[in-house]
Amino acid sequence: SRFGNVGPLTHNNSYGGGFFGGYGLNYGPFYFGAEGGLIIEHGNTTFSDGTYDVKVSKSNTLDLSLRSGITIANRALLYGLVGFSGANLKSRGLDADLDNGRDFNERITHLRFGGGVEVSIVENIAARLEYTLSKGNSAIMLDNADQFTFKPKSSRIMFSLVLHMY
């Protein structure tokens, strides 16, 4: 094995943008809905043993979620959500070895949960602030004699403008 004990990780905060679509119903003050989304992201984490580095990047995420909540004064929605997420992870292996022909590119599924608030700005437009935590399944990357097992988790704070089409 060329890779020794892993030292402190270096992270870059990710950023991105995306599109969501969904359907929801109100029953009195209670809200129930489902939505899906595609987020194009850029962010990475680097693992190092002091000699070699392995950089893992995240490129896009597909989300499917169920939301339920309560409407407050017909202007705000407090909600919780649970769902699944599929994130695409990529790596070039040790020290970004471009010529080894062993690129890692795999979609990892995650359990996703969180909550947020959505506030009406004008009749059909709302602002949403949401926090989610995702815990992913394991993925294995092989690089010569080295085997890396990733079990990613991520958190996301998302601000979005929402167009409601009634």
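Residues numbered from 1 in each chain as written. Predicted model: local features only at pLDDT ≥ 70, side-chain atom pairs only at ≥ 80, totals over all residues. Heavy atoms only, no water.

Student: Could you give an account of the environment of Thr132, with specific residues and numbers?
Tutor: Tracing the sequence through the fold places Thr132 in strand 7 (residues 125–136). Using a relative accessible area of 1% as the deciding quantity, one classes Thr132 as buried. For the pair Thr132 and Val82, spaced 50 residues apart in sequence, the C-alpha separation works out to 8.9 Å. Look past the residues within four positions of Thr132 in its chain and what remains in contact with it is Leu81, Arg112, Phe113, Gly114, Ser154, Ser155 and Arg156. (Helix = DSSP H or I, 4+ residues; strand = E, 2+ residues; numbered from the N terminus. Buried < 20%, exposed > 50% of the residue type's maximum accessible area, 1.4 Å probe, protein only. Contact = heavy atoms within 4.5 Å.)

Student: Account for the nonpolar core, with residues named and values stated.
Tutor: Burial of nonpolar side chains together is a common tendency in soluble globular proteins. Core analysis: the largest hydrophobic core is formed by eight residues, namely Val54, Val56, Leu89, Phe104, Ile108, Ala139, Met141 and Phe148. Counting only elements with at least two residues in this core, the list comes to strand 4 (53–72), strand 6 (104–122) and strand 8 (139–143). (Core = buried A, V, L, I, M, F, W, Y, C linked by side-chain atoms within 4.5 Å.)

Student: Break down the side chain of Glu130 for me, with residues and values.
Tutor: Its location among the elements puts Glu130 in strand 7. Within the structure, the side chain of Glu130 is placed 2.7 Å from the side chain of Tyr79, a separation counted as a polar contact. Aside from chain neighbours lying at most four places away, what touches Glu130 is Glu35, Tyr79, Leu81, Arg112, Gly115, Gly116, Arg156, Ile157 and Met158. (Polar contact = N/O pair within 3.5 Å; in protein donor to acceptor, adjacent residues only side chain to side chain.)

Student: A description of the packing of aromatic side chains should follow, citing residues and the corresponding values.
Tutor: Per the counting criterion, the structure on display carries one aromatic pair. Taking the centre distance of 6.1 Å and the plane angle of 55 degrees together, the rings of Tyr27 and Phe32 count as tilted. A residue is classified by how much of its surface remains accessible, and Phe32, at 45% relative accessible area, is partly exposed. One cation-aromatic arrangement involves Arg67 over Tyr79; the distance from NZ or CZ to the ring centre is 4.4 Å. (Phe/Tyr/Trp six-rings, centres within 6.5 Å; stacked < 30°, edge-to-face > 60°. Lys NZ or Arg CZ within 6 Å of the ring centre and 35° of its normal.)

Student: So what about the confidence of the model for the protein chain? Which residues, and what values?
Tutor: Confidence along the protein chain averages 81 in pLDDT terms, with 77% of residues attaining 70 or more. When the elements of the protein chain are averaged for pLDDT, strand 1 (residues 10–11) gives the smallest value, 60, and strand 7 the largest, 91. (pLDDT = per-residue confidence, 0-100.)

Student: Quick one: what's the story with a nonpolar patch on the surface, residue by residue and with numbers?
Tutor: Side chains of Ile121, Val122, Ile125, Leu129, Tyr131, Ile157, Phe159, Leu161, Leu163 and Met165 sit close together on the surface and give an oily, nonpolar patch of about 1,100 Å² of accessible area. Those elements that place two or more of their residues in the nonpolar patch are strand 6, strand 7 and strand 10 (153–163). Tracing the backbone through its elements, the reader meets Val122 in strand 6. (Patch = residues over 30% accessible without salt bridge, like charges linked within 9 Å, V, L, I, M, F, W, Y side chains within 5 Å. Areas by Shrake-Rupley, 256 points an atom, 1.4 Å probe, with all protein chains shown as cover. Salt bridge = Lys/Arg side-chain N within 4 Å of Asp/Glu carboxyl O.)

Student: Run through the pattern of salt bridges, naming residues and quoting values.
Tutor: Under the defined criterion, the tally for this structure stands at eight salt bridges. Arg67 is the partner of Glu118 in a salt bridge, and the nearest nitrogen-oxygen pair spans 3.4 Å. Note that Glu118 is positioned in strand 6 and Arg67 in strand 4, a separation of 51 residues in sequence. Of the two residues, Glu118 and Arg67, neither departs from the other in class, the shared state being buried. For Arg112, the salt bridge is made with Glu130, and the minimal N-O distance between the two is 3.3 Å. Of this pair, Arg112 sits in strand 6 while Glu130 sits in strand 7; the two residues are 18 residues apart in sequence, bridging distant segments of the chain. The class for Glu130 is buried, based on a relative accessible area of 2%.

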